Each structure stands twice: as structure tokens, then as C-alpha cells.
Number of protein chains: 2
Amino acid sequence: MRILLTNDDGIYAPGLRALRTELVKLGDVTVVAPATEQSAVGHSITLLAPLLVQEVLDEHNQFMGWAVEGRPADCVKLALLELLPEPPDLVVSGLNAGSNAGINVLYSGTVAAAIEAAFFRHTSIAVSLEYTKPKPLDFPQAAKLARQVIEQILGQRPAPGTLFNVNIPSLEKGPVRGIRTVPQNVAPYSESFDRRLDPRGRVYFWTNPGFDCPDPHPDTDVTALREGYITVTPLQFNLTHAGLLQEMNGWKWQL
Amino acid sequence: MRILLTNDDGIYAPGLRALRTELVKLGDVTVVAPATEQSAVGHSITLLAPLLVQEVLDEHNQFMGWAVEGRPADCVKLALLELLPEPPDLVVSGLNAGSNAGINVLYSGTVAAAIEAAFFRHTSIAVSLEYTKPKPLDFPQAAKLARQVIEQILGQRPAPGTLFNVNIPSLEKGPVRGIRTVPQNVAPYSESFDRRLDPRGRVYFWTNPGFDCPDPHPDTDVTALREGYITVTPLQFNLTHAGLLQEMNGWKWQL
């Protein structure tokens, strides 16, 4: 099996390295990932700047893949259209430092990379590790769990272009309680800014940390993850509101 | 009616100015938009850099709103949480130079701004103008059409948090044929890169122009727009693949 591995934390991120160590047990892994951190870039792509590409070696000085000075979605496009000699059987994005559940899914470069692969009809899986305490994350252990989930997803022989979002709960909370298949939570988040003045009196804002969902819908990715379950959410990229579309067929328009 | 207007082409873009001229006929318009062009940034947000904010005057030296050195989604968050004295009744994003249909919806900063407003349960409308020839776009005429569509959407009294994606066909193609309510096209696009070497022999790629959908699904935003119709697509931001989720409830997992 040929696996393309990417992420949004950058090619030198420990989460990507740990996941690669596990994925080589499943097949040939080629990494095409951003040269630098690209968190919360969503589904950005680079149209107006050149995408510099550089070969990267692993810790044993073996060819590992390419670093791209671009976004996660650029990495997937370049890998599929230019860099990989053969199409991959699976695209994996992660292991992200921090969960990607709820509406965070839409801000996530990790998930965007997986969606981009699904645009090309490749099976893809985004994997993220919840971050609850200011302590180093146990990426090697989380990557083992991620590999077990990936193996079981592949065992179900998903159709080409199928897309999954996997979150591993913080391992600080104790042993993982199991795996749950859940929908994305769409309840609102609470968020705030810190307003400041620069030395010249100009107003600026910092986005405060602590972006949180105070009242998540039950039985969703956000709640199951909080309860200590690994969450698996199948995703799709048709944003059409089907119910409202049907209702709108009765609307009369004029120009 | 209080209207928040934003975009991704930047606060000085002619499309935003033309749309503002039309929207003031419907209510009080406040602009909170990126200070610089932000095309194809998708649903990026700014977590690690300060968001500089500056008051901007219109062509009559009257207060128009604020320019934000950030992404379209940052602009909406800042407007709703910090800048606007009262919540808006409507959020409009556009008028974008270039259509946002098919999978482009996911790359679009224009649409991301409208989705961000929907996160906050505000009614929001993204508006884009198709670009087919290297000629200046007729924003004033397109903005008139956009305002007519917006008026009719509001006339249907959509529930708070309802989200619409509107595309105006290129006016170079002749008179608009009407308004159609259509789903997002999800057929793949054809795209390519131009591989080059820099003077030091390093490989880089440019994203080629001409990103196009060779085989769109019928009766979608992409086809209706090509045929000269204004398209209206209701959107939502729950990316869960509901059909596959149901199927996955039968999967057995183990750790």
C-alpha cells in the first residue's frame, strides 16, 4: 500500500514523525508537508506565490519526502499532480497537535488536506490529538492508536474518495474508553479578543486562547472526545443545505 | 436594518464599494473588511499574529467602517465581538471578483466570511461575480442584481443563521437569464502546476490559471452560472457524511 502523509503543523512536527513511524508498518509512506507551521489556515491555497519544494531526509538519512513552502492543501495538490511517481492508495493528514472537532473542522488545515485529497477521489483520513494541558503530548502512543483506527477503517474497504476525521482524546485523561462513530458538533463556540493599543496609539486585537464550545450537542465529536473516546466522523464537502434547497424550490424570483 | 459588509478582495476593492452603494438602499451598512487582498484563503483565522484595525472613510469622507489586517473570517469575528455597537440583522460578503461555485466554495474567503457569520447565528449572504474575460468587471451593474436577489431572500424571512451563496454570471455573456436555486457542484476540477528552477537550481511550482470543472454535474451552481443564470445556493457547515455515518454504526471497533 502507498500512503501519502501530510499535516498542517509542518514537516518537522513531532506528530507527523510519530505517525510516520506507525504508518510504515502498513505500507510505503511518502511525506509531502508544509515547510513551516500552518495551523488554522483552513482550506487556503497558494495562487499568487511560488511553491518552493525541497527533498527531506528522515532521522536515518533516508528519503522521506518533500517540504513545500505552502499550505496543507497545496501539499496534497502538488503530491498528487507532480511529486508522487504513482497515485497513493491512502492519504493521511496529521497527527495534529490539538483536536479538530466541532466547527474547528472548518478552520483546520489538517482536515482541509484530507478534503483536498477527497476532491481527487482518494480515500483520506485526518487525525488529531486533543490537547488539554500545557504538557508535551504523547505522540508515539497516540500514533499507535491512530494506526489501529486507520487499519480498521481500511478493513471496511471504503469507496475511493471517502473521507474520515479522527480525533484521539488527550492521553492525560487516562486510558482511552473506546472508539465512537459520531457526527460533527455544530453548536456555537465562545470566543473573545484582547484589545490593545500599540506604542503609536493604534488599536489591535489578539485572539484569546480558550476557544471552547460551552454547550455542545450530545453524541457528537466534541462530547465523545471530552468523555475520552476516540472519535471517527465521516465527512463530505457538499455544503448545500438540502432541506432548505427543497423549500426554496417554491420561492418565486424576479429580476 | 443593520448590515455588516465584508469581503476577501480587501476593503479598497471596487466590488465591495459597488455593493455598498446598493446595500445602503436597504439599511445602515458598516464595512469590516481585510486591509489587503485575501483571495483563496478559505476559512483561515489568525491566532498567532496581532489584528491591526484602522477606521476607513468613504469617498465622501464619511465613516465607512474598519480595515483589519487579517482574514475575512477574522473580520467577521472582530465585527461581531468587538467593533459593531449593535448586532447586525444581515451579514453580506462580496461582491467578489470571480465566481465561487463548485468546490471553489471551500477555497473561498468570501464564502468563509459568510459561514463565520452563520457560526454566530446571523443570516449571511456571500455574493460573487463570474469573471470570464480579461476585461474590467461591471461591478455597479452586478451589485444592482445582487441587491435585488438579497431583497428577495430577505422577503422570505429566512431563519437566523441561514446562509446563502449567490453567484452573478459574467455580464459579458449578455443579459442575465434569470435566477436559479441550485445545489453546489461537487465534480472534480482539472488543475495543473508549472514546474521551474530558480537561479540556484531549486525546484518551485506555480499554480497555473485555468482551474476549471470539465464535467460538472447537471443542475448545479457551476452549470447554471455557465448558462447565464444567477445562482442561489443555501449552504450549511455540518460536514458530516450522514449516509456513511449510518452505515458505520454497524462497524465493530476494537483497541
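Residues numbered from 1 in each chain as written. Chains lettered and ligands numbered in written order. Predicted model: local features only at pLDDT ≥ 70, side-chain atom pairs only at ≥ 80, totals over all residues. Heavy atoms only, no water.

## Re empty space enclosed by the protein
Logical step 1: By the definition in use, this model includes one cavity of 30 Å³ or more.
Logical step 2: Its boundaries defined by the atoms lining it, the largest cavity holds a volume of some 150 Å³.
Logical step 3: If you go around the largest cavity, you meet 17 residues; those closest to its centre are His 43 and Leu 106 of chain A together with His 43, Leu 106 and Ile 115 of chain B.
Logical step 4: Those elements that place two or more of their residues in the lining of the largest cavity are α3 (104-107) and α4 (109-119) of chain A together with α3 (104-107) and α4 (109-119) of chain B.
Logical step 5: Among the residues forming the lining of the largest cavity, the class breakdown is 12 nonpolar, five polar and no charged. (1 Å grid on protein atoms, 1.4 Å probe; cavity = no way out; pocket = protein on both sides within 12 Å on 5 of 7 lines; lining within 4 Å. Points joined across faces, edges and corners; volume = space filled by probe spheres on them. Helix = DSSP H or I, 4+ residues; strand = E, 2+ residues; numbered from the N terminus. Nonpolar A, V, L, I, M, F, W, Y, C, P; charged D, E, K, R; others polar.)

## A short note on the sheet that holds strand β3 (residues 51-57) of chain B
Logical step 1: Spatially, 11 strands are ordered β9(A)-β10(A)-β3(B)-β4(B)-β2(B)-β1(B)-β5(B)-β6(B)-β7(B)-β11(B)-β8(B) in an open sheet, and the strand pairing comes out mixed. Looking at the sheet topology across the chains shown, the edges are occupied by β9 (193-197) of chain A together with β8 (178-181) of chain B. Averaged over neighbouring strand pairs, the angle between their axes works out to 25° when direction is ignored.
Logical step 2: Pairing of β8 of chain B with strand β11 (residues 229-235) of chain B, which is carried by four bridges, proceeds in the parallel orientation. Paired with Thr 181 of chain B across the strands is Val 232 of chain B, a residue of β11 of chain B.
Logical step 3: Sheet contacts for α4 of chain B: β1 (2-6), β5 (90-97), β6 (124-129), β7 (163-168) and β11 of chain B; angle to β6 of chain B, the most-contacted strand, approximately 175°.
Logical step 4: On top of the sheet, helix α5 (residues 139-155) of chain B reaches β5, β6, β7, β8 and β11 of chain B; it is set at about 150° to β5 of chain B, its chief contact. (Pairing = 2+ DSSP bridges. Axes fitted to C-alpha atoms, helices over the stretch in contact; angles between N-to-C directions. Contact = heavy atoms within 4.5 Å.)

## Brief notes about the nonpolar core
Logical step 1: Judged by nonpolar contacts, the single largest core of 46 residues is most densely connected at Ile 115, Phe 119 and Phe 237 of chain A together with Ile 115, Phe 119 and Phe 237 of chain B.
Logical step 2: Elements with a minimum of two residues in this core: α3, α4 and α6 (221-226) of chain A together with α3, α4 and α6 (221-226) of chain B.
Logical step 3: Among residues more than four places away in sequence, those in contact with Ile 115 of chain A are His 43, Leu 163 and Phe 237 of chain A together with Leu 106 and Leu 239 of chain B.
Logical step 4: Counting residues in hydrophobic clusters, the runner-up holds 39 residues, among them Met 64, Leu 90, Ile 153 and Phe 164 of chain B. (Core = buried A, V, L, I, M, F, W, Y, C linked by side-chain atoms within 4.5 Å. Buried < 20%, exposed > 50% of the residue type's maximum accessible area, 1.4 Å probe, protein only.)

## Brief notes about the sheet that holds strand β5 (residues 90-97) of chain A
Either a parallel or an antiparallel arrangement is found when strands of a sheet pair, and the pairing is made through backbone hydrogen bonds.
Logical step 1: In spatial order, the strands read β8(A)-β11(A)-β7(A)-β6(A)-β5(A)-β1(A)-β2(A)-β4(A)-β3(A)-β10(B)-β9(B); together these 11 strands make up an open sheet with mixed pairing. Looking at which strands have only one partner, the edges of the open sheet turn out to be β8 (179-181) of chain A together with β9 (193-197) of chain B. In this sheet, adjacent strand axes meet at a mean angle of 25° when their direction is disregarded.
Logical step 2: With four bridges connecting them, strand β2 (residues 28-34) of chain A and strand β4 (residues 63-68) of chain A associate as parallel partners. Note on β4 of chain A: the bridge partner recorded for Val 31 of chain A is Gly 65 of chain A.
Logical step 3: Across the face of the sheet, helix α2 (residues 72-83) of chain A comes into contact with β1 (2-6), β2, β3 (51-57) and β4 of chain A together with β9 and β10 (203-207) of chain B while running at roughly 130° to β2 of chain A.
Logical step 4: Docked against the sheet, helix α5 (residues 139-155) of chain A engages β5, β6 (124-129), β7 (163-168), β8 and β11 (230-235) of chain A, running at close to 150° with respect to β5 of chain A.

## Concerning the side chain of Asn 165 of chain A
All names here are of chain A.
Logical step 1: Among the structural elements, Asn 165 can be located in strand β7.
Logical step 2: A distance of 2.9 Å separates a polar side-chain atom of Asn 165 from the backbone oxygen of Asn 100.
Logical step 3: Look past the residues within four positions of Asn 165 in its chain and what remains in contact with it is Asn 100, Val 105, Val 111, Ala 126, Thr 231, Val 232, Thr 233 and Leu 235. (Polar contact = N/O pair within 3.5 Å; in protein donor to acceptor, adjacent residues only side chain to side chain.)

## Topic: the relation of the copies chain B and chain A
Logical step 1: Taken as rigid bodies, chain B and chain A are interconverted by a rotation of 180° and an axial shift of 0.0 Å, the fit giving an RMSD of 0.0 Å. Here the symmetry operator amounts to a two-fold rotation axis.
Logical step 2: Mapped onto chain A, 100% of the interface residues of chain B are again interface residues, and the two copies thus contact each other with one and the same surface. (Least-squares fit on C-alpha atoms with pLDDT ≥ 70 in both.)

## Section: the interface of chain B and chain A
Logical step 1: On the side of chain A, 77 residues touch chain B, which itself brings 77 residues to the contact.
Logical step 2: Of all residues in chain B, the largest losses of buried area upon contact with chain A belong to Leu 239, Trp 253 and Leu 255 of chain B, amounting jointly to 11% of the total for that side.
Logical step 3: The tally of links between chain B and chain A comes to two salt bridges.
Logical step 4: For Glu 191 of chain B, the salt bridge is made with Lys 77 of chain A, and the minimal N-O distance between the two is 2.7 Å. (Buried area = accessible area lost by both parts, 1.4 Å probe. Salt bridge = Lys/Arg side-chain N within 4 Å of Asp/Glu carboxyl O.)

## Some words on unusual backbone geometry
Logical step 1: Across the junction of Gly 94 of chain A and Leu 95 of chain A, the peptide omega takes the value 0°, indicating a cis bond.
Logical step 2: Position of Leu 95 of chain A relative to the elements: it lies in strand β5.
Logical step 3: The backbone phi angle of Asn 61 of chain B is positive, close to 60°, even though this residue is not glycine.
Logical step 4: Here Asn 61 of chain B lies in the loop between β3 and β4 (63-68).
Logical step 5: Judged by its relative accessible area of 59%, Asn 61 of chain B falls in the exposed class.

## With respect to the environment of Asn 249 of chain B
Logical step 1: Here Asn 249 of chain B shows up in the segment after α7 (242-248).
Logical step 2: A C-alpha to C-alpha distance of 34 Å links Asn 249 of chain B and Thr 181 of chain B, two positions 68 residues apart in sequence.

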